[in-house]
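Residue-level listing of the chains:
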Amino acid sequence: MNVLGIESSCDECAAAVVRDGKQILSNVVATQIPFHEAYNGVVPEIASRKHTEWIYAVAQEALDKAGLDPGGIDAVAATSRPGLLGSLLVGLNFAKAFAWARRLPFIAVDHMLAHLYACQLAESAESGEAPAYPFLGLLVSGGHSIICRVDDFDDITVLGTTVDDAVGEAFDKVAKHYGFGYPGGLAIDRLAQGGNPDAFRFPLPKLHKKSPPAPDHSYDLSYSGLKTAVINHLDQFRAGDSPEPRREDIAASFQKTAVEILLRSLFRAAEDSGLTTIVAGGGVAANSYLRARLAERKDLRCVFPPLALCGDNGAMIAGLGYRCIIRGDRSPLSVTASARVAAFRRPQRGGQRG
Ligand code: KG4
Ligand code: ZN
């Protein structure tokens, strides 16, 4: 079954054709980075306008690269949440119209579940073996940071999530403040390669100072303290209180602490759950320091999507959509977009599943 997957939740206008939920026939991503760069962040109005201008051509290119005409598509999937509402609506409505015109099954999918599905695609799987369920999921993007137990492609239990900023957001905001470049995560990753990660000691959050955490919040994360500390470091320098910091050292020290925050909770979740496979997804999963740190843990199998499938793409949408469709799920054409992440299950109080 060939599924056309459409993704337009943020600043990537993307379409892909995936066969049987595994084999990527085409994966076209038109990035809007040059249009948002001047603003050091995504401008929602520009994003939705660019999606509107590009979506037809991007979908056409995905069909062409797959060597198919519209008659070769068996079902259509599109991201319906979470993301920028105006952007989501463009891709979702394009996908609905395509499905309606060709009388095809249509499914609206969750962007975060799709990031987690990226490692199930054939191009992702190490030696052809996709990671088997259950495993620990590490979902790290510009809008979300989620540590979860994953029992199936759509069955996740959130063990920890950020109580304030997402990890990618912290990368983006620090990069913006220091003028490191855009998009911030990649800019910091690159700069950090030439920096000393121990040059500055930034604080780790203390989330459960007063009482032990409730079981449904034990692995929660926080990034606003780190972000503020790194940004204030520059302000101190500007006030003349500290010597001039090297950009590379700031980037490397921030990145080390940002990854440490993730790993502290992730490794505890691995120990407590007994799960030894970790599957990463989302833009921050491209981070080279995060990858290197996880590779050090020889007792854990850590699976990352290839770089092209870490950021937003249509292949993960088509892959997840296929799994839903063969199970018989369909979305009504009245389905609409939502800016918010779905309310994923939290562990029951009194303990998590082992
Ligand atoms: O998944 P994604 O492409 O879009 C969202 O769903 O948000 O993730 C984008 C995020 C941005 O915050 C970006 O700065 C971050 O991923 N990112 C990185 C790297 N590449 C992208 N963060 C750290 N290191 C990277 N190499
Ligand atoms: Zn994403």
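Each value, and the rule that gives it
- Residues numbered from 1 in each chain as written.
- Chains lettered and ligands numbered in written order.
- Predicted model: local features only at pLDDT ≥ 70, side-chain atom pairs only at ≥ 80, totals over all residues.
- Heavy atoms only, no water.
- Buried < 20%, exposed > 50% of the residue type's maximum accessible area, 1.4 Å probe, protein only.
- Helix = DSSP H or I, 4+ residues; strand = E, 2+ residues; numbered from the N terminus.
- Pairing = 2+ DSSP bridges.
- Contact = heavy atoms within 4.5 Å.
- Axes fitted to C-alpha atoms, helices over the stretch in contact; angles between N-to-C directions.
- Phe/Tyr/Trp six-rings, centres within 6.5 Å; stacked < 30°, edge-to-face > 60°.
- Lys NZ or Arg CZ within 6 Å of the ring centre and 35° of its normal.
- Salt bridge = Lys/Arg side-chain N within 4 Å of Asp/Glu carboxyl O.
- Donors = N, O, S within 2.8 Å, 3.2 Å for Na, K, Ca; no water.

Undergrad: Any chance you could break down the pairing of strand 8 (residues 155-161) for me, citing the residues and the numbers?
TA: Counting buried positions over the seven residues of strand 8 gives five, a clear majority of the element. Between strand 7 (residues 145-152) and strand 8, which pair antiparallel in sequence order, lie two residues.

Undergrad: Give a detailed account of the environment of arginine 247, specifying residues and quantitative values.
TA: Secondary-structure assignment places arginine 247 in helix 8 (residues 247-273). On a C-alpha basis, the gap between arginine 247 and threonine 257 in space is 16 Å, while along the polypeptide they are ten residues apart. When sequence neighbours within four positions are dropped, the list of residues in contact with arginine 247 reads Tyr178, Gly179, Phe180 and Leu191.

Undergrad: Please set out the sheet that holds strand 7 residue by residue, giving values where relevant.
TA: An order of 8-7-6-9-10 is seen for the five strands of this open sheet, with the pairing classed as mixed. Each edge of the open sheet carries a strand with a single partner, namely strand 8 and strand 10 (301-303). Each strand axis lies, on average, 25 degrees off the axis of its neighbour in the sheet, ignoring direction. Where strand 7 lies against strand 8, six bridges are found, and the strand directions are antiparallel. Each bridged residue has a counterpart across the sheet, and for valine 150 the counterpart in strand 8 is isoleucine 156. Running at roughly 165 degrees to strand 6 (residues 135-140), helix 8 makes contact with strand 6, strand 7, strand 8 and strand 9 (277-281) of the sheet.

Undergrad: Quick one: what's the story with the packing of aromatic side chains, residue by residue and with numbers?
TA: The geometry of an aromatic ring pair is captured by two quantities: the separation of the ring centres and the angle between the planes. Under the counting rule described, the total for this entry stands at six aromatic pairs. Seen in terms of ring centroids, tyrosine 133 and phenylalanine 135 are 5.0 Å apart; in terms of plane orientation they differ by 25 degrees. Their pairing is stacked. Exposure remark for tyrosine 133: the relative accessible area of 25% places this residue in the partly exposed category. The positively charged end of arginine 103 is found above the aromatic ring belonging to tryptophan 100, 5.0 Å away from the centroid. Here the basic side chain of arginine 297 rests over the ring of phenylalanine 267, its NZ or CZ set 4.3 Å away from the ring centre.

Undergrad: So what about the pattern of salt bridges? Which residues, and what values?
TA: Going through the model one piece at a time under the given rule, you end up with 16 salt bridges. Across the pair aspartate 154 and arginine 327 runs a salt bridge, and its minimum N-O distance is 2.7 Å. Taken together, the positions of aspartate 154 in the loop between strand 7 and strand 8 and arginine 327 in the segment after helix 10 (314-326) put the pair 173 residues apart, joining distant regions of the chain. For aspartate 154, a relative accessible area of 31% corresponds to the partly exposed category. With relative accessibility at 44%, the residue arginine 327 sits in the partly exposed group. In this structure, arginine 346 and aspartate 220 form a salt bridge, with 3.5 Å as the shortest nitrogen-oxygen distance. Of this pair, arginine 346 sits in the segment after helix 10 while aspartate 220 is found in the loop between helix 6 (184-192) and helix 7 (224-238), placing the two residues 126 residues apart along the sequence. Judged by relative accessible area, arginine 346 falls into the partly exposed class, the value being 22%. Ionic contacts of the salt-bridge type, sharing partners, join the residues Asp154, Arg327 and Asp329 into one network.

Undergrad: Run through the coordination of the zinc ion (ligand 2), naming residues and quoting values.
TA: Taken together, His111 (NE2), His115 (NE2) and Asp312 (OD) make up the full set of protein donors to the zinc ion (ligand 2), lying 2.0 to 2.1 Å away. All donor residues of the zinc ion (ligand 2) come from one chain, and their arrangement in sequence is H-x3-H-x196-D. Linking histidine 111 with histidine 115, this pair stays in helix 4 (residues 111-117), spanning four residues, or about one helical turn. Summarising the burial analysis for this pair, histidine 111 and histidine 115 share the class buried.

Undergrad: An account of the sheet that holds strand 2 (residues 12-19) is requested, with residue identities and associated values reported.
TA: One open sheet accounts for five strands, arranged 3-2-1-4-5; its pairing is mixed. In this open sheet, the two edge strands, each paired with only one partner strand, are strand 3 (23-31) and strand 5 (106-110). For this sheet, the mean inter-axis angle between neighbouring strands, taken without regard to orientation, is 20 degrees. As defined by bridge partners, strand 2 adjoins strand 3 across eight bridges and the pair is classed as antiparallel. Bridge pairing in strand 3 links valine 17 to serine 26.

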